[in-house]
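Commentary on secondary and tertiary structure
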Amino acid sequence: MIMKKKKLLGYIVFFSGLLVLIVHIFPIRPFVTITNNTNKPLFIYAGESIYDVEPEPEEVERIVRSKPKIIAPGEISEFTASFIALIRRDAAIDIGWRIGGQYEYNSTGGGGQNFILSSTAGACSVSIKVNDGFNNEILENDPGDLCFKKIKAFKYKY
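Attention in this report is confined to the structure presented alongside it. Since the structure is predicted, the reported quantities are computational estimates derived from the model, not experimental observations. (Residues numbered from 1 in each chain as written. Predicted model: local features only at pLDDT ≥ 70, side-chain atom pairs only at ≥ 80, totals over all residues. Heavy atoms only, no water.)

**So, the overall build of the chain**
The line we're drawing: Strands are runs of DSSP state E lasting at least 2 residues, helices are runs of H or I lasting at least 4, and numbering of each runs from the N terminus. Each residue gets one of three labels from its accessible area relative to the maximum for its type: buried under 20%, exposed over 50%, partly exposed in between, using a 1.4 Å probe on protein chains only. Values of accessible area rely on a 1.4 Å probe in the Shrake-Rupley scheme; residue burial ignores everything except the protein chains shown.
Per the secondary structure count, the chain includes 3 helices and 9 strands. When its helices and strands are written in sequence order, the chain yields α-β-β-α-β-β-α-β-β-β-β-β. Taking all 158 residues of the chain together, the buried fraction comes to 31%. Counting every atom, the chain has about 10,700 Å² of accessible surface; 60% of that belongs to carbon and sulfur.

Here it is in C-alpha cells:
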C-alpha cells in the first residue's frame, strides 16, 4: 500500500516537473515586446484587466501606485500574459509609456496600446517600437509561434 502511494506521488511529481519544463521552453502565453527607439529612458506601465469592465477603486489605487518598468535607450523589454489571463474571458493587456520622465509634466512624449486575448484572431506575439513624441510607435505582429490564446491590438474609444 505504501509502495503504491510512493509510486503515485513519484508520477505526479515527474509529470508536474515535465509540465513546468514544457511551459518554460515553449512560449504558450502571448507576449508583447517593447523596444525603446528614443535617446531617453522609457517608463512602461503594464497591467491586465477585463475588457469593457470599469476597475474597482482599489484596482485604480493599485495602478496609480505601481512602479513603472524603466527601459534604457535602445533596449528591449517583454511583457507576458499571466496564466490567469489565459483562463479569463475577455482578458485585456494594457500598456502605456512615458518618454524621459515618469510623470506627464516631466516627460517628452508617451502613448499606449491595448490588447485583447482571443482564441480565434490575432498573433502570439506583438512588437511595439516606441519613437520620440506622443503616440508615435510602430506596431508589428510577429508571425509564427504556438500559443494557447492570441493577442489582438485595439484602442479604447472614449
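More follows now that the structure is in view.
**Comments concerning unusual backbone geometry**
The backbone phi angle of Asp-90 is positive, close to 60°, even though this residue is not glycine. Since its relative accessible area comes to 37%, Asp-90 is described here as partly exposed.

**Some points on the sheet that holds strand E6 (residues 109-118)**
Paired through their backbone hydrogen bonds, the strands of a sheet run either parallel or antiparallel. This is how the line gets drawn: Any two strands between which DSSP finds at least two bridges are classified as paired. To get an axis, fit a line to the C-alpha atoms, keeping to the stretch in contact for a helix; angles then go from 0 to 180 degrees between the N-to-C directions.
What the 5 strands build is an open sheet, ordered E3-E2-E5-E6-E9; its pairing is antiparallel. For this open sheet the edge positions go to strand E3 (69-71) and strand E9 (150-154), each flanked by a neighbour on one side alone. Between one strand axis and the next, the sheet turns by 30° as a mean value, whatever way the strands run. In this structure, strand E5 (residues 91-99) lies alongside E6, joined through 8 bridges in antiparallel fashion. What sits directly across from Arg-98, in E6, is Gly-110.

**Concerning the side chain of Thr-35**
Our working definition: Only heavy atoms matter for contacts: two residues are in contact if any of them lie within 4.5 Å across the pair.
With respect to the helices and strands, Thr-35 occurs in strand E1 (residues 31-36). For Thr-35, a relative accessible area of 12% gives the class buried. If we ignore the near neighbours within four places in the chain, the residues touching Thr-35 are Glu-75, Ile-76, Ile-128, Lys-129 and Val-130.

**Side note on the pairing of strand E2 (residues 42-50)**
Strand direction decides the pairing type here: E2 and E3, joined by 3 bridges, are antiparallel. Note that in E3 the partner of Ile-44 across the bridge is Lys-69. Pairing of E2 with E5, which is carried by 9 bridges, proceeds in the antiparallel orientation. Opposite Ala-46, over in E5, you have Ile-95 as the bridge partner.

**Description of a nonpolar patch on the surface**
This is how it is decided: Each patch is built from salt-bridge-free residues with over 30% relative accessible area, joining like charges within 9 Å and nonpolar side chains (Val, Leu, Ile, Met, Phe, Trp, Tyr) within 5 Å. Salt bridges are identified by distance alone: a Lys or Arg side-chain nitrogen within 4 Å of an Asp or Glu carboxyl oxygen.
A contiguous nonpolar surface patch, about 610 Å² in accessible area, is contributed by Tyr-11, Phe-14, Phe-15, Leu-18, Leu-21 and Ile-22. Looking at the element boundaries, Leu-18 is found in helix H1 (residues 2-25).

**Describing the sheet that holds E1**
Spatial ordering of the open sheet is given by E4-E1-E7-E8, a layout of 4 strands whose pairing is mixed. Each edge of the sheet is formed by a strand with only one pairing partner; in this case those strands are strand E4 (76-80) and strand E8 (137-142). Averaged over all pairs of adjacent strands, the angle between strand axes in this sheet comes to 20°, irrespective of strand direction. Of the strand pairs in this sheet, E1 and strand E7 (residues 125-130) are connected by 6 bridges, and their pairing is parallel. Paired with Thr-35 across the strands is Lys-129, a residue of E7.

**Concerning the nonpolar core**
What counts here: In this text, buried Ala, Val, Leu, Ile, Met, Phe, Trp, Tyr and Cys residues form a nonpolar core when linked through side-chain atoms within 4.5 Å.
Counting residues in each nonpolar core, the largest one holds 19 residues, and the members touching the most others are Ile-34, Leu-42, Ile-93, Ile-95, Trp-97 and Phe-115. If you list the elements that add at least two residues to this core, you get E1, E2, E5, E6 and E7. For this core, the element with the most residues is E5, which contributes 5 residues. When near neighbours in sequence (up to four residues on either side) are disregarded, Trp-97 contacts Leu-42, Phe-43, Ile-44, Gly-109, Gly-110, Gly-111, Gly-112, Gln-113, Ile-128, Val-130 and Glu-137.

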